Amino acid sequence: MHAIRAALVFALLLGSHGAGLSAEPADSGVRIVNSTSQAWQFSIVNGPTRSGYTLEPAQVLTGLCPDGCTLVLKGATDGTYILEGNERLAVEDGVVYYDDVGRRGAGSTPKRP
């Protein structure tokens, strides 16, 4: 009985803290990659909170605003996008595009306000 209980506790600990496993769904939060050779600055606006980021060339940020937010790309014409919280995005030439062909199609852009 103690061996079964110990094995169960170990399995629960391993599942929540080890081997790279996570209770989070694979698409939890926004993922954004910089597909250009220039750094881009953007803000994530979530209610009254605004957080600034710099996305270096080829850099990928993950886990952003899993409950949805507004992304504002600085220095871009019409660079404000409303996100649901599960998008896979790429920045190219000052425009944010969907980067998940299977879900929305390459080349389309997220909804704007």
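Residues numbered from 1 in each chain as written. Predicted model: local features only at pLDDT ≥ 70, side-chain atom pairs only at ≥ 80, totals over all residues. Heavy atoms only, no water.

Regarding the sheet that holds strand β2 (residues 40-46)
Phase 1 of the analysis: Pairing is antiparallel across the open sheet formed by 4 strands, whose spatial order is β3-β2-β5-β6. Each end of this open sheet is capped by a strand with a single partner; those strands are β3 (49-55) and β6 (80-83). Sheet twist, expressed as the mean angle between neighbouring strand axes with direction ignored, is 25°.
Phase 2 of the analysis: Judged from the 7 bridges that link them, β2 and β3 form a sheet pairing that is antiparallel. Within β3, the residue paired with Trp40 across the bridge is Leu55. (Pairing = 2+ DSSP bridges. Helix = DSSP H or I, 4+ residues; strand = E, 2+ residues; numbered from the N terminus. Axes fitted to C-alpha atoms, helices over the stretch in contact; angles between N-to-C directions.)

Details of the confidence of the model for the protein chain
Phase 1 of the analysis: With 65% of its residues at a pLDDT of at least 70, the protein chain reaches an overall mean of 74.
Phase 2 of the analysis: Throughout residues 1-25 the model reports pLDDT below 50, and contacts reaching past four residues in sequence, or to other chains, amount to 5 contacts. (pLDDT = per-residue confidence, 0-100. Contact = heavy atoms within 4.5 Å.)

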